[in-house]
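# Per-entry structural report
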Amino acid sequence: MDLILLSRLQFAITVFFHFVFVPLTLGLSILLAIMETLYVRTGDEDYRRMTKFWGKLFLINFVLGIVTGITLEFQFGTNWSRYSAYVGDIFGSLLAIEATVAFFLESTFVAVWAFGWERVGKKVHCFAIWMVALAGNLSALWIILANGFMQHPTGYVLRNVRAELNDFLAVVTNPYAWGEYFHTLSSAWMLGGFFVLGIAAWHLARKNDSALFRKCVRLAAPFTLIMALLVGLAGHHQGMNVAEYQPAKMAAMESHWTTQTRAPMYLFVWPNQDKGENFVEALPIPGLMSFIAFNDIDAEVKGLSDFPKDDIPPVLPTFLSFRFMVAMGGLFIALAAWTWWRRRDLEASPRLLRLLPWVIPLPYLTIMAGWAVAEIGRQPWIVYELMRTSDAVSPVPASSVLVSLLGFLAVYTLLGVVDIWLLYTQSRKGPEPAKAAEEA
Amino acid sequence: METIWFFLWTLLWAVYFVLDGFDLGMGTLMPFLAADDVERRVIYNAQGPYWDGNEVWLITAGGVTFAAFPNAYAVLFSALYAPLLLLLFCLIFRAVAFEFRGKVQRLAWTRSWDVCMVLGSFLPALLLGVAFANLFMGIPIDADGVYHGCLLGLLSPYGLAGGVLFVLMFCYHGALWLELKSEGALQAKACRTAYVLWPLLLAMVLAFLALTGHYTDSFERIAQHPAVYVALVLAVVGLVGTRLVLSSCTLMAWLFSALFIVGLTFFGVFGMYPGIILSSLDPAWSITIANGASSPLTLKIMLIVTLCAVPVVILYQAWVYYTFAHKVTEHTLNGEHAY
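Every value quoted in this text rests on a predicted model; they were computed, and no experiment measured them.

## Things to note about the overall build of chain A
A tally of regular secondary structure across chain A gives 13 helices and 8 strands. In summary, chain A has a C-alpha radius of gyration of 23 Å against a globular reference of 22 Å for 440 residues, a match within 12%. Residue burial in chain A is summarised as follows: out of 440 residues, 61% are buried. Expressed as a percentage of contacts within chain A between residues at least 6 apart in sequence, the contacts between residues at least 24 apart total 79%. For chain A, the accessible surface area stands at approximately 17100 Å², while carbon and sulfur atoms represent 66% of it. The positive charge centre, built from 33 side chains, and the negative charge centre, built from 34, are 11 Å apart in chain A.

## Considerations on the interface of chain B and chain A
When the parts come together, some accessible area is lost, and that loss is often what is quoted as the size of the interface. Listed per partner, the contact involves 64 residues of chain B and 74 residues of chain A. Of the roughly 6000 Å² buried between chain B and chain A on both sides combined, carbon and sulfur atoms contribute 76%. Between the two partners, chain B and chain A, sit 0 salt bridges. Linking chain B with chain A are 12 residue pairs in polar contact (both at pLDDT 80 or more), by the criterion used here. Within the side of chain B that touches chain A, the residues separate by chemical class into 42 nonpolar, 16 polar and 6 charged.

## Here we look at the state of the cysteines
Residue and element names in this part refer to chain A. This structure, assessed with the given rule, holds 0 disulfides over all chains. No disulfide involves Cys126; its sulfur sits 16 Å from the nearest other cysteine sulfur, which is in Cys216. We classify Cys126 as buried; its relative accessible area is 7%.

## Examining the side chain of Thr265 of chain B
Residue and element names in this part refer to chain B. Mapped onto the elements of the fold, Thr265 is located in helix α11 (residues 250-270). The exposure class of Thr265 is buried, given its relative accessible area of 7%. Among the polar contacts made by the side chain of Thr265, one reaches the main-chain carbonyl oxygen of Ile261 at a distance of 2.6 Å. Discounting chain neighbours no more than four positions away, the residues touching Thr265 are Thr10, Trp13, Ala14 and Phe17.

## What to know about the nonpolar core
By size, the foremost hydrophobic cluster in this structure holds 266 residues, and its most contacted members are Trp54 and Tyr83 of chain A together with Phe100 and Trp113 of chain B. Of the residues forming this core, the biggest block, 19 residues, is contributed by helix α3 (residues 81-115) of chain A. If we ignore the near neighbours within four places in the chain, the residues touching Trp54 of chain A are Leu28, Leu32, Met35, Phe195, Val196, Ile199, Ala200, Phe213 and Cys216 of chain A.

## Considerations on the pattern of salt bridges
All names here are of chain A. Enumeration over the complete set of coordinates arrives at 19 salt bridges over all chains. Across the pair Asp46 and Lys215 runs a salt bridge whose closest N-O atoms are separated by 3.0 Å. Taken as a pair, Asp46 in helix α2 (residues 45-78) and Lys215 in helix α7 (residues 210-245) lie far apart in primary sequence, 169 residues in all. A salt bridge links Arg342 to Asp345; the nearest nitrogen and oxygen atoms lie 3.6 Å apart. Of the residues examined, Arg342 reaches a relative accessible area of 22% and is grouped as partly exposed. Taking the relative accessible area as the measure of exposure, Asp345 reaches 34% and is therefore partly exposed. A single salt-bridge network, built from bridges that share partners, covers Asp44, Asp46, Arg49, Asp209 and Lys215.

## Side note on the pairing of strand β1 (residues 156-159) of chain A
Residues and elements named next belong to chain A. As judged from the 4 bridges shared by β1 and strand β2 (residues 162-165), these two strands associate in the antiparallel manner. Bridging across to β2, Tyr156 finds its partner in Leu165. Between β1 and β2, which pair antiparallel in sequence order, lie 2 residues; one of them, Asn160, sits at a positive phi of approximately 50°.

## Considering the packing of aromatic side chains
One pair of aromatic rings is described through two measures. These are the centre distance and the angle between the planes. Tallying each qualifying case throughout the model produces 65 aromatic pairs over all chains. Ring geometry for Phe149 of chain A against Tyr156 of chain A: centres 6.0 Å apart, planes inclined by 85°, an arrangement best described as edge-to-face. Looking at Phe149 of chain A, the relative accessible area reads 1%, which means it is buried. Ring centres of Trp13 of chain B and Phe132 of chain B lie 5.2 Å apart, and the angle between their planes is 75°; this geometry places the pair in the edge-to-face category. Of the two residues, Trp13 of chain B is situated in helix α1 (residues 2-33) and Phe132 of chain B in helix α6 (residues 107-137); the sequence distance between them amounts to 119 residues. On the basis of relative accessible area, Phe132 of chain B is assigned to the buried category, the value being 6%. We note Lys52 of chain A situated over the ring of Trp117 of chain A; from NZ or CZ to the ring centre the distance is 4.6 Å. The lysine or arginine in question, Lys302 of chain A, covers the ring of Phe307 of chain A, its NZ or CZ lying 4.4 Å from the ring centre.

## Looking at unusual backbone geometry
A cis amide bond links Gln379 of chain A with the next residue in sequence, Pro380 of chain A, at an omega value of 5°. Residue Pro274 of chain B is bonded to the preceding Tyr273 of chain B through a cis peptide linkage, with omega at 0°. One non-glycine residue with positive phi stands out, namely Val161 of chain A, at about 55°. Within the element layout of this structure, Val161 of chain A appears in the loop between β1 and β2. Given a relative accessible area of 79%, Val161 of chain A falls into the exposed group.

## Examining the side chain of Thr78 of chain A
Relative to the elements of secondary structure, Thr78 of chain A occurs in helix α2. At 2.9 Å, the side chain of Thr78 of chain A forms a polar contact with the side chain of Asn79 of chain A. Residues contacting Thr78 of chain A, with those up to four places away along its chain left out, are Ser394 and Val396 of chain A together with Phe77, Ser78, Tyr81 and Leu84 of chain B.

## What to know about a nonpolar patch on the surface
Residues and elements named next belong to chain A. Where nonpolar side chains cluster on the molecular surface, the patch consists of Trp270, Phe279, Val280, Leu316 and Leu320 and spans about 460 Å² of accessible area. Of all the elements in the fold, those that place two or more residues in the nonpolar patch are β5 (277-285) and α10 (315-341). Within the secondary structure layout, Trp270 lies in strand β4 (residues 265-272). According to the relative accessible area criterion, Trp270 is partly exposed, its value standing at 40%.

## Comments concerning the packing of α10 of chain A against helix α12 (residues 361-376) of chain A
Residue and element names in this part refer to chain A. Interhelical geometry of α10 versus α12 gives an angle of 145° and a closest axis separation of 8 Å. As α10 runs across α12, the sense of the crossing is left-handed. Between α10, through Pro317, Thr318, Ser321, Phe322, Phe324, Met325, Met328, Leu331 and Phe332, and α12, the contact on the second element is made entirely by Leu362, Pro363, Leu365, Thr366, Ala369, Gly370, Ala372, Val373 and Ile376. Each residue belonging to the contact of α10 with α12 can be placed in one class, and the counts come to 14 nonpolar, 4 polar and no charged.

## With respect to helix α4 (residues 70-79) of chain B
Extensive coverage of α4 of chain B is indicated by the burial of 9 of its 10 residues. If you check which residues of α4 of chain B are buried, you get Pro70, Ala72, Tyr73, Ala74, Val75, Leu76, Phe77, Ser78 and Ala79 of chain B.

Calculation criteria
- Residues numbered from 1 in each chain as written.
- Chains lettered and ligands numbered in written order.
- Predicted model: local features only at pLDDT ≥ 70, side-chain atom pairs only at ≥ 80, totals over all residues.
- Heavy atoms only, no water.
- Helix = DSSP H or I, 4+ residues; strand = E, 2+ residues; numbered from the N terminus.
- Rg over C-alpha atoms; globule rule 2.2 N^0.38 Å.
- Buried < 20%, exposed > 50% of the residue type's maximum accessible area, 1.4 Å probe, protein only.
- Contact = heavy atoms within 4.5 Å.
- Areas by Shrake-Rupley, 256 points an atom, 1.4 Å probe, with all protein chains shown as cover.
- Lys, Arg positive; Asp, Glu negative; His and termini not counted.
- Charge placed at Lys NZ, Arg CZ, Asp CG, Glu CD.
- Buried area = accessible area lost by both parts, 1.4 Å probe.
- Salt bridge = Lys/Arg side-chain N within 4 Å of Asp/Glu carboxyl O.
- Polar contact = N/O pair within 3.5 Å; in protein donor to acceptor, adjacent residues only side chain to side chain.
- Nonpolar A, V, L, I, M, F, W, Y, C, P; charged D, E, K, R; others polar.
- Disulfide = S-S within 2.5 Å.
- Core = buried A, V, L, I, M, F, W, Y, C linked by side-chain atoms within 4.5 Å.
- Pairing = 2+ DSSP bridges.
- Phe/Tyr/Trp six-rings, centres within 6.5 Å; stacked < 30°, edge-to-face > 60°.
- Lys NZ or Arg CZ within 6 Å of the ring centre and 35° of its normal.
- Patch = residues over 30% accessible without salt bridge, like charges linked within 9 Å, V, L, I, M, F, W, Y side chains within 5 Å.
- Axes fitted to C-alpha atoms, helices over the stretch in contact; angles between N-to-C directions.
- Left-handed = near helix turned anticlockwise from the far one by under 90°.

In structure tokens, the structure reads:
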């Protein structure tokens, strides 16, 4: 099999698997920090038990996030060594900074938090979870800055047959990366919110520990709604970044072939990349595509036909992922608003109680779709308009990659199944009973 | 500047070996030391609050290789494709074992994770030793950094000697740590193990140094930079010192053992200086700090970040070691967050 295809497949599988765990870590850490702060402030035992309950789920999820992250750092070298040598001067330093300023903080304080319930004071313990939340979200920033460089390279100069850093400030203020960061962060926090709402609804429907789970809903419902709205705002902003810096990706997202002003968005489209047109185009909404791209319904949007054929990303997956993401984004706002509206008497709405647990997987799928838009839409470039993916791969035998790919598939499937099963059983168990909670 | 980074790069590896070394060593020793489930759990919890933070030093060592010496990172990781991914799988299973093992009370479940823990500790120790020995010796890379060797080629006598040395070094280090953290029968066993391992370690170090003279050009290179012998002196002080205080003060013995690991790492890695990846095919194809380093601007920014952040990291990690400096007792094991 083809070395590039295998390497891409392996990276895609490992990075998607990693990102199953990351958003919950980012979102739930913030919610945990808020819960524990409420406990420290009010002394209410429910908040303590709540923190411990969600904390247990957080830790099961956390460990897989860590180990699957190491895989990615290794893979830039093992599978994309040409890339690493070419842009390591910039990309490598962002990863190294991530490890030194964020990852150490996160790993160290998560241990203090997990083991420290009886070892450190209440306030120090609460401080520890804030550090975990801060460090996790800070770590995401450096990783997204690195990804942002691949999407829209800034602050570099071509020298010594590679991209060398010449303006660090331009790298860390990359507007594309910051737009991406806010979009990623708000979606991860929203996912954390839906996770809490879903499990809380499951327990409320069974009248387990209702007082505690009602408090969870009161806390998570407004949080989730705010985040769902922010995801949309940040997404629209990021859409404009894409239109400005990656016009080919923008056109692929909408399967838009002909350059035109007041470009419409068709509700029904199916692309035909070979012919450079769409099989079907029906039900246009005038100017919506121009609005998505430039916040102006009259703006001109460049079509895919005006790009060299070699520079066009795979249209179908980019287009479908984008559609799915946007549709889900709308659904999340509606669901979050509905839940927020019923937050004081969620139990009086059995339909919502039954629905919310089933919503848990949807933000995951949507975030995956979002990354598919970002990464497939960037093709054929590994670094946009600077290096092609086909020039980036390591000179290793394809057979080695095939073996490691099969290894990853086996190991990750096993770990994924075990992890989901553990999360499922532990979340059904519910919090420790209130009576047994006296201090040791 | 490149030399400063070579020094810091070595230091990161040394700190990683000292910190994760005791974790890997204890994991490797588990089947020999722990007689029952309680003792096994003591071994897990003796690494409990630390292993994660310790492993970040590996991530940082990898990240700094990427940032400071991108060419070396690219060649090293693609050349050692199979052993590195094997190392990765081991570390994955090892990490997951901590979190998952205690979640289900079934014998088959816990025993399976114990196997992951033991193999996930022993193999990384062995692989790291084999990898570094091969680096000291040089690996078959051509002018483009393309690797012309196979996995079995790494298992030369010298490579294997490196692997055995690392396993012994980490086991000794881990036995001392376990002695510090445990009580009663397990503590006594850990102590006896340390006594048994020390002469083996000494013999292996001497053998490895002799083999180094035979298989590598390290001593010729070090002869041009005699300051590197300071590292060897430190290693000798550490190795002798740890034996002298073995009966009187375990903490001092552990610290001497740490000194030994740091000294040996510096001596070994600086044996390659100024090379980072030596080519065994043609010395001209080696990647050195001259042709492997990042741009001066990147090195400068990374230095500023490192000098600001790493001392803070050391401070809060030291605080964690201090906070959890207690022994792992029955009470600790009954804590709800114990592994």
